[in-house]
Amino acid sequence: MADAVFSSKVTYTPSGGGSLTQGFNVAFPYTASSSGTVDVAAGASAAVDILFGSVNEVLGFILQNNTDKDIAIKVGANDLYNLAAGGVLMHWSPVKSTKSLTGVKATPASPINPGTIEYVVLGN
């Protein structure tokens, strides 16, 4: 069993001076992982399934939008996020959700040039 650690630190300096720094840390054990790249074809506008493979109990995932358009990310029946071109979405939840997550749907804005969506999934 390995430990997954998500660690992030954001520092914001407003134009009036001073700064705000906030750190986030989430750690959890996991026993299964999956990763890959999904191709998005030129002109695609249909939802792309990103299946999480052998990870039955998803505790965290990362998606990176390597296209030139926004992509709507749907988890289950609900839209979760509109991921901008070049953006990254990270979801880490160290406790199993009451709903099993087997994948997400990514719907690109059209028209889109060819690109990819990369993902990493950790869980049990």
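Higher on the page you've got the structure.
For the structure given in this document, a descriptive report is provided here. Computed from a prediction, not measured in an experiment: that's the story for all the values here.

**So, the overall build of the protein chain**
No. 1: The helix and strand tally for the protein chain stands at zero helices and ten strands.
No. 2: Ordered by position from N to C terminus, the α and β elements of the protein chain give β-β-β-β-β-β-β-β-β-β.
No. 3: For the protein chain, long-range pairs separated by at least 24 residues make up 72% of all intrachain contacts whose partners lie at least 6 apart in sequence.
No. 4: About 7,300 Å² of surface is accessible on the protein chain, with carbon and sulfur atoms providing 52% of the total.
No. 5: Separation between the mean location of the 6 positive side-chain charges and that of the 8 negative ones in the protein chain comes to 8 Å.

**Describing the pattern of salt bridges**
No. 1: In the structure shown here, the tally under the stated rule is one salt bridge.
No. 2: For the salt bridge of Lys 105 with Asp 49, the shortest nitrogen-to-oxygen distance reads 2.6 Å. Pair noted here: Lys 105 is in strand 9 (residues 103-108) and Asp 49 is in strand 4 (residues 48-51), with a separation of 56 residues, a long-range link.

**Description of the sheet that holds strand 8 (residues 88-92)**
No. 1: Pairing is antiparallel in the open sheet, where four strands are placed in the order 3-10-5-8. Every interior strand has two partners, whereas the edge strands, strand 3 (32-40) and strand 8, have only one. Between one strand axis and the next, the sheet turns by 10° as a mean value, whatever way the strands run.
No. 2: Here strand 5 (residues 58-66) pairs with strand 8 via five bridges, running antiparallel. Following the sheet pairing, Ile 62 is matched in strand 8 by Met 90.

**Here's the deal with the environment of Ala 41**
No. 1: Locating Ala 41 in the fold gives a position in the loop between strand 3 and strand 4.
No. 2: Residue Ala 41 is classed as partly exposed on the basis of its relative accessible area of 48%.
No. 3: Remark: the alpha-carbon pair of Ala 41 and Ile 73, spanning 32 residues in sequence, is separated by 17 Å.
No. 4: If near-sequence neighbours (up to four positions away) are discounted, Ala 41 is found in contact with Ile 112 and Pro 114.

**Focus: the environment of Gly 76**
No. 1: Tracing the sequence through the fold places Gly 76 in the loop between strand 6 (71-75) and strand 7 (78-83).
No. 2: Owing to a relative accessible area of 59%, Gly 76 belongs among the exposed residues under this scheme.
No. 3: Sequence separation between Gly 76 and Lys 105 is 29 residues; the distance between their C-alpha atoms is 8.3 Å.

**Some words on the side chain of Asn 65**
No. 1: You can see Asn 65 is positioned in strand 5.
No. 2: From its side chain, Asn 65 meets the backbone oxygen of Leu 83 in a polar contact 3.1 Å long.
No. 3: Within the structure, Asn 65 has its side chain in polar contact with the backbone oxygen of Ala 84 (distance 3.2 Å).

**A word on the packing of aromatic side chains**
No. 1: One pass over the full model with this rule turns up two aromatic pairs.
No. 2: For the ring pair Phe 28 and Trp 92, a centre distance of 5.5 Å and an interplane angle of 45° mean the geometry is tilted. Here Phe 28, found in strand 2 (residues 20-30), pairs with Trp 92, found in strand 8; they are 64 residues apart in sequence, far enough to count as distant. Considered together, Phe 28 and Trp 92 belong to a single accessibility category, that of buried residues.
No. 3: Arranged with centres 5.6 Å apart and planes meeting at 40°, the rings of Phe 52 and Phe 61 form a pair that is tilted. Assigned by exposure class, Phe 52 and Phe 61 land together as buried.

Rules used throughout
Sequence order as written defines the numbering, with residues in each chain counted from 1. For this predicted model, a pLDDT threshold of at least 70 governs which residues receive local features, and a threshold of 80 or more governs which side-chain atom pairs are given and counted, while totals over whole chains, interfaces and linings are taken from all residues. To get the side-chain values, all heavy atoms of the structure are used, and hydrogens and water are removed first. Only DSSP runs of H or I reaching four residues or more are called helices, and only runs of E reaching two or more are called strands; each is numbered from the N terminus. The contact rule is simple, with two residues in contact once any of their heavy atoms fall within 4.5 Å. All accessible-area figures derive from a Shrake-Rupley calculation using a 1.4 Å probe, and residue coverage is judged against the displayed protein chains alone. The positive count covers Lys and Arg only, the negative count covers Asp and Glu only, and His and the chain ends enter neither. A charge is said to be at NZ when it belongs to Lys, at CZ for Arg, at CG for Asp and at CD for Glu. We define a salt bridge as a side-chain nitrogen of Lys or Arg found within 4 Å of a carboxyl oxygen belonging to Asp or Glu. Here, strands pair whenever DSSP counts at least two bridges between them. Angles here are taken between N-to-C directions and fall from 0 to 180 degrees, while the axes themselves are lines fitted to C-alpha atoms, restricted in helices to the stretch in contact. To sort residues, take the accessible area from a 1.4 Å probe on protein chains only and compare it with the maximum for the residue type: under 20% means buried, over 50% means exposed, and anything in between is partly exposed. Whenever a nitrogen or oxygen atom comes within 3.5 Å of another N or O atom, the pair is scored as a polar contact, on the condition that within protein one atom can donate a hydrogen and the other can accept it, and that pairs from neighbouring residues in sequence are kept only if both atoms are in side chains. Pairing of aromatic rings covers Phe, Tyr and Trp, the last counted by its six-membered ring, and requires centre-to-centre distances within 6.5 Å; plane angles under 30 degrees mean stacked, over 60 mean edge-to-face, and any other angle means tilted.

So yeah, pure geometry; function would need other evidence.
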